[in-house]
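Per-entry structural report
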Amino acid sequence: MKQDTKTFKMPHLLWIMLGIICIACAATYVVPAGHFLLDSNGQMVAGQFQYLGYQTPVSPWDALMLMKGGLVGASSIMFVVMISGANVNVILDTGAMDDLMKWAIYKLKDKGTSMLIALMMILMAYLGGFGGTDALIAVVPIGILFAKKLDLDPICALGVTTFAALVGFGTGPAQQATTQMLMGVIPYSAFFTRLLIMNFFLAVAIFFVISYAHKIQKHPEKSLMASEGWHPGETVSDQSEAELVQKVEISWRKLAVIAIFILQYIVIAVFPLIGGDPDKSFDFMIAVMLFTMIIVGFIGGMNAETLAKSFAKGLGSMAFVAFVIGLAKVISLVLANGNIIHTIVYVLTMPLLHLPRSVSSIGLTIVVSIINPIIPSATSKAAILVPIMKPVSEALGLQPNLAVVAYQMGDSFTNLVSPLLGWTVGSCAMAKVPFPKWFAWVFPKVLFFIILACIIVFILTASGWRGVI
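Summarised in this report is the structure supplied together with it. (Residues numbered from 1 in each chain as written. Predicted model: local features only at pLDDT ≥ 70, side-chain atom pairs only at ≥ 80, totals over all residues. Heavy atoms only, no water.)

1. Side note on the packing of aromatic side chains
Aromatic ring pairs: the centre-centre distance and the angle between the two ring planes describe each pair. Using the following cut-off: A pair of Phe, Tyr and Trp rings is counted when the ring centres sit within 6.5 Å of each other, with Trp represented by its six-membered ring. The angle between the planes then sorts it: under 30 degrees is stacked, over 60 is edge-to-face, the rest tilted. Counting from the N terminus, the helices are the DSSP runs of H or I reaching at least four residues and the strands are the DSSP runs of E reaching at least two. Burial classes: relative accessible area under 20% of the type maximum marks a residue as buried, over 50% as exposed, and values in between as partly exposed (1.4 Å probe, protein chains only). The criterion is that NZ of a Lys, or CZ of an Arg, lies within 6 Å of the ring centre and within 35 degrees of the ring normal, and then a charge sits over that ring.
Counted under the stated rule, the structure contains 19 aromatic pairs. A ring pair is formed by F201 and F413, whose centres lie 4.8 Å apart and whose planes are at 50 degrees; its orientation type is tilted. Of the two residues, F201 sits in helix α10 (residues 191-218) while F413 sits in the loop between α19 (400-412) and α20 (422-431), which places them 212 residues apart along the sequence. When sorted by exposure, F201 lands in the same class as F413, which is buried. On the numbers, 5.8 Å between centres and 70 degrees between planes, the contact of F208 with F449 is edge-to-face. Of this pair, F208 sits in helix α10 while F449 sits in helix α21 (residues 435-462), placing them 241 residues apart in sequence. Taking relative accessible area as the criterion, F208 reaches 16% and is therefore assigned buried. Through a chain of ring-to-ring contacts, three or more aromatic side chains come together here, namely F163, F200, F201, F207, F208, Y212, F413, W438, W441, F448 and F449. For the cation-ring pair, K445 lies above F208, with the distance from its terminal atom to the ring centre recorded as 5.9 Å.

Following this line, the structure appears as structure tokens:
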């Protein structure tokens, strides 16, 4: 009799977070309590550490009693995250992003192979970098259609869509605001530096896809999909092309929606640079996002009722993410009240204290790269890691925004090989590319991206970059 085999399934994030809280409580009973000497600014002085000589344990019930304090302590970040989700949802519901994508794809359909790949990937990377969600899986069929028209395999279809979108999503300047807030950094600071980094990685990604496309055009047998029955010359029906590549006239309203959407990030980023009070960053951010949401909703053709419903839907979609951020604050309180957070930081940083800071910052990138495929959600992962990453970076003397960039570089690329990320797995299923084939193609690129990321982090650290612009 055939037995059913059960595959491992990652527990829900709620149970992961509550489990981490329980582990933190247990640690307060066994990890020696201690603390660093603090300077006049409240920062830890590296190497100046001493043990208390007694334990200050925090029980699971004590942790539950800390729940309100954690949620209140993280409330500013929680509400910013929720309003940001509402803002993005209203933009998406206007249809402006969809129309832009369809308009651009229609205009690109008759271009040459290299030009088509480059322009398509630029479009997808910017969509991913500024408004990326797993809803971009819906673009994969268009990539499949173009791949067939150009005699390219389904991996190229994923290359011009999901590969480009995830590179933009991972490295984009608008994707790490939550991490910055958790690290105590002004949201969207270093915007222009990270925009430059995104375009650098996008250029490398375009090179990879164009090189592979040219190779299989010359030698179709070298396609990784050849063993799956792919061969060039598959026809594309006029009906399928008409369904996917539709002529769309993008109106001034939709263009205005997109322009205002992008402009809001720039306004928030330059606020502290033009004399804005950094302590009012969250207030300013919420005000700009609410104002932008109302303006683009009406410009995009929504009535008051539709706009309100879209706002509520977006707000609700981020409610659990906000709660997870509150739970992360509870973890911090447990570790702090148990007087073991400094002990953990001391143990983690001791091997690194005598190394150059540029090498230590690379270590953060590598650690996050390893953890990322297991917890692909950037916000959830930041909520879990920042309680440790923040004091570690302080003990190592790393600038907070540099730690954010090191985190982002680790968070960016292993999404492409994560079997737990619906965006990646769903795209492979839609393109009918077996995940092992996709892994074989993309994994060397991911390793190369991580090496480049480490070089960038090294250069920023060695140059004394402070993350102002």
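2. A word on the packing of α19 against α21
Put simply, the test is: Between N-to-C directions, angles span 0 to 180 degrees; the directions come from axes that are lines fitted to C-alpha atoms, helices contributing only their stretch in contact. Any angle that is under 35 degrees is reported as roughly parallel, and any over 145 degrees as roughly antiparallel; angles of 65 to 115 degrees are reported as roughly perpendicular and all others as oblique. Whether two residues are in contact is decided by their heavy atoms: any pair within 4.5 Å suffices. Put simply, Ala, Val, Leu, Ile, Met, Phe, Trp, Tyr, Cys and Pro go in the nonpolar bin, Asp, Glu, Lys and Arg in the charged bin, and everything else, Gly too, in the polar bin.
Following both chains from N to C, one finds α19 and α21 inclined at 175 degrees, their axes separated by 10 Å at the closest point. Put simply, α19 runs roughly antiparallel to α21. In this structure, α19 contributes L402, V405, A406 and M409 to the contact, and α21 contributes A453, V457, L460 and T461. Its residues assigned to classes, the contact of α19 with α21 shows seven nonpolar, one polar and no charged.

3. Let's talk about unusual backbone geometry
In the Ramachandran plot, A190 falls in the positive-phi region, its phi being about 60 degrees despite a non-glycine side chain. Mapped onto the secondary structure, A190 falls in the loop between α9 (177-182) and α10. On the accessibility criterion, A190 (1% relative accessible area) is buried.

4. Digging into the packing of helix α4 (residues 75-93) against helix α15 (residues 319-337)
Operational definition: Two helices crossing with the near one rotated counterclockwise from the far one by less than a right angle form a left-handed crossing, whereas a clockwise rotation gives a right-handed crossing.
Close contact between α4 and α15 brings their axes to 9 Å; oriented N to C, the two are set at 160 degrees. On the basis of the axis angle, α4 is roughly antiparallel to α15. Note that α4 runs across α15; the crossing there is right-handed. On α15, the residues touching I77, M78, V81 and M82 of α4 are A319, V321, A322, F323, I325 and G326.

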